[in-house]
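Structure at a glance
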Amino acid sequence: MLYKLFKYYLNKVDPEIAHKIAIKFIKSPLASIGVSSNKKYKNLNQTILNMKFENPVGLAAGFDKNAEIYNNIHKLGFGFSEVGTITPEPQDGNLKPRVFRLYEDKAIINRLGFPNHGMKSIRKRIQNKKPNGICGINIGPNKKNATIIDDYLLCFNNFFDLAAYITINISSPNTPNLREQHEESKIIKLIDSVKKIREEKNSKVPIFFKISPDISDVEINNLSAIFLEKNIDGLILTNTTIKNKSKLLSKYKEESGGLSGLPLNDYSNMAIKKFYKKLGDKIPIIGAGGINNGKSAFDKIKSGASLLQLYTSLVYEGPYVANKINKELSNIIEKNGYRNISEIIGLDCK
Ligand SMILES: Cc1cc2nc3c(=O)[nH]c(=O)nc-3n(C[C@H](O)[C@H](O)[C@H](O)COP(=O)(O)O)c2cc1C
């Protein structure tokens, strides 16, 4: 009831203002009122890359850009969080309006362009409030440096000791030319340079790459071979898409930017399956794109994801969506005769 009223109000205001209010709400003690049970489900426990995940549902990058709520989201049922995307220098992002809710499609189009407070002030914030759960840090370049790798290295240097894992975001469609980093020669240079710093620092922090759903099969094959050869720790599949917009119903469907939510669901599952067929269980995949209930979570894991992330369904289903997904997913796993989530990873590809 509380959330229904809240949602009614939030839907009336500009999406970015609604987001600010949502951050304040999640920070406040009010947020736990609506959580009737934050039950732990044994069949959702997994250890991946030496991290113990109580459940697979993580908060996707972009929601907590400035590291304000990473410790508050566990009470909402999330198993882990990812802050960012963070750039070396603070930046304002693109001109407003730049976030559009496509209600009829249960989708969002955004062209934010990495607005964030910059790595130095965000580092201080995380240092002052150590993560009380698994918290990944997602890094990217400032707009002016999108075609070179220097900013990734600055951010990696800045955060490697504070993060449970580092995500290298090469897939936002809203920073011009960023997606060029998918090119073979560029990604090889990026991987080698980041791994070199990790070695010099004697760090074991896992390195994830966040990938676009808009790449071709040839690119998927080539990238898979590179990730296997270079021993990359994990992938996040996928970021938002700039395709798949023609069948949308909303008047905002022509807006430029990345599309997330329901229309991304099958599309990201396709990319996950293609990568999983190449990588098997050698490189874990965090699946993202349109997850909004237990069934869509189950399907993503069967496509090859070991873990999940969501953003858009927080907007449409409300702050308790992770809690709901865990409950439903645990039931589905049990009803289908499996003992643990790990038994269903990639089943659709076998
Ligand atoms: C408003 C908005 C902002 C986002 N910002 C980022 C970002 O800064 N970095 C990033 O890697 N992904 C960002 N994403 C992409 C999400 O992390 C996620 O990959 C994508 O939205 C698919 O998941 P969903 O369908 O559950 O939203 C953003 C998504 C939205 C909707």
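Heads up: the structure comes first, above all this text.
Anyway, here's the lowdown on the structure attached to this text. (Residues numbered from 1 in each chain as written. Predicted model: local features only at pLDDT ≥ 70, side-chain atom pairs only at ≥ 80, totals over all residues. Heavy atoms only, no water.)

**Remarks on the environment of Lys300**
Mapping Lys300 onto the fold places it in helix H8 (residues 294-303). Each C-alpha atom, one on Lys300 and one on Ile345, is 8.5 Å from the other, the two residues being 45 residues apart in sequence. In this structure, Lys300 is in contact with Asn265, Ser268, Asn269, Ile272, Gly287, Ala288, Gly289, Ile291, Ala305 and Leu308, ignoring residues within four places of it in sequence. (Helix = DSSP H or I, 4+ residues; strand = E, 2+ residues; numbered from the N terminus. Contact = heavy atoms within 4.5 Å.)

**Considerations on the packing of aromatic side chains**
Applying the stated criterion across every chain, the model contains eight aromatic pairs. Note on Phe63 and Tyr311: the rings are 5.2 Å apart at their centroids and 70° apart in plane angle, and the pair reads as edge-to-face. Of this pair, Phe63 sits in the loop between strand E3 (57-59) and strand E4 (80-86) while Tyr311 sits in the loop between strand E13 (307-310) and helix H9 (312-317), placing them 248 residues apart in sequence. Owing to a relative accessible area of 5%, Phe63 belongs among the buried residues under this scheme. What makes Tyr311 partly exposed here is its relative accessible area of 23%. Ring geometry for Phe100 against Tyr252: centres 5.4 Å apart, planes inclined by 40°, an arrangement best described as tilted. Residue Phe100 is located in strand E5 (residues 99-102), and its partner Tyr252 is located in the loop between strand E10 (234-237) and strand E11 (258-261); the two are separated by 152 residues in the primary sequence. (Phe/Tyr/Trp six-rings, centres within 6.5 Å; stacked < 30°, edge-to-face > 60°. Buried < 20%, exposed > 50% of the residue type's maximum accessible area, 1.4 Å probe, protein only.)

**Focus on the pattern of salt bridges**
Close approach of charged atoms allows side chains of opposite charge to pair. According to the stated counting rule, one finds 16 salt bridges in the structure shown. As a salt-bridge pair, Arg179 and Asp214 come within 2.7 Å of each other at their nearest N and O atoms. Placement of Arg179 in the loop between strand E8 (166-169) and helix H5 (184-200) and of Asp214 in the loop between strand E9 (207-211) and helix H6 (217-229) is noted, with a sequence separation of 35 residues between them. Classification of Asp214 as buried rests on a relative accessible area of 14%. Among the ionic pairs, Asp299 bridges to Lys295, the shortest N-O distance being 2.6 Å. Remark: Lys295 and Asp299 occur in helix H8; sequence separation between them is four residues, near one turn of the helix. Asp299 sits in the buried class, given a relative accessible area of 18%. (Salt bridge = Lys/Arg side-chain N within 4 Å of Asp/Glu carboxyl O.)

**Concerning H5**
Helix length check: H5, at 17 residues, gives a terminal C-alpha distance of 24 Å against a target of 24 Å (1.5 Å per residue), a fit within 8%. Looking only at H5, the buried set comprises Ile187, Leu190, Ile191, Ser193, Val194, Ile197 and Arg198. Check the buried side of H5 and you find it contacts helix H4 (150-159), E8, E9 and H6. Count one or two residues on from H5 and you reach Asn202, which has phi positive near 60°. (Expected span 1.5 Å × (residues − 1).)

**Comments concerning the sheet that holds E3**
Taking strand neighbours around the barrel as the criterion, the eight strands line up as E3-E4-E7-E8-E9-E10-E12-E13 in a closed arrangement whose pairing is parallel. On average, each strand axis in the sheet is tilted by 25° relative to the strand beside it, whichever way the strands run. Here E3 pairs with E13 via three bridges, running parallel. Each bridged residue has a counterpart across the sheet, and for Leu59 the counterpart in E13 is Leu310. (Pairing = 2+ DSSP bridges. Axes fitted to C-alpha atoms, helices over the stretch in contact; angles between N-to-C directions.)

**Quick notes on the site of the ligand**
The immediate surroundings of the ligand are formed by 22 residues, with Ala61, Thr85, Lys210, Gly290 and Thr312 found nearest. Between Asn169 and the ligand, the recorded distance is 3.1 Å, taken from a side-chain N or O atom to an oxygen atom. Separating an oxygen atom of the ligand from a backbone N or O atom of Tyr311 is a distance of 3.0 Å. Summarising the interface, the protein chains cover 97% of the accessible area of the ligand, which totals 600 Å² for the free molecule. In terms of residue class, the shell around the ligand is built from six nonpolar, 14 polar and two charged. (Near = heavy atom within 4 Å. Polar contact = N/O pair within 3.5 Å; in protein donor to acceptor, adjacent residues only side chain to side chain. Areas by Shrake-Rupley, 256 points an atom, 1.4 Å probe, with all protein chains shown as cover. Nonpolar A, V, L, I, M, F, W, Y, C, P; charged D, E, K, R; others polar.)

**A few points about the sheet that holds E11**
Spatial strand order, E5-E6-E11: three strands in an open sheet with antiparallel pairing. What marks the edges here is a single partner per strand, and that holds for E5 and E11. Averaged over all pairs of adjacent strands, the angle between strand axes in this sheet comes to 20°, irrespective of strand direction. Pairing between E5 and strand E6 (residues 107-110): four bridges, direction antiparallel. Along E6, the bridge assignment pairs Arg101 with Ile108.

**A word on the packing of helix H3 (residues 119-128) against H4**
At their nearest, the axes of H3 and H4 sit 10 Å apart, and the two run at 20° to each other. As summarised for this structure, H3 and H4 are arranged roughly parallel, according to the angle between their axes. Along this stretch, H3 crosses H4, giving a crossing that reads as right-handed. Contacts between H3 and H4 involve Met119, Lys120, Ile122, Arg123 and Ile126 on the former and, on the latter, Leu154, Cys155, Asn158 and Phe159. Tallied by class, residues from the contact of H3 with H4 come to six nonpolar, one polar and two charged. (Parallel < 35°, antiparallel > 145°, perpendicular 65-115°, else oblique. Left-handed = near helix turned anticlockwise from the far one by under 90°.)

**Considering the nonpolar core**
A general tendency of soluble globular proteins is for nonpolar side chains to be buried together. Formed by 79 residues in total, the largest nonpolar core has its most connected members in Ile137, Ile168, Phe209, Phe227, Leu235 and Phe275. Apart from the residues lying within four places of it in its own chain, the contact partners of Leu235 are Phe208, Phe209, Ile211, Phe227, Phe275, Leu279, Ile283, Pro284, Ile285 and Ile286. Counting 10 residues, the second-largest nonpolar core is a separate cluster that includes Phe80, Ile134, Tyr165 and Phe208. (Core = buried A, V, L, I, M, F, W, Y, C linked by side-chain atoms within 4.5 Å.)

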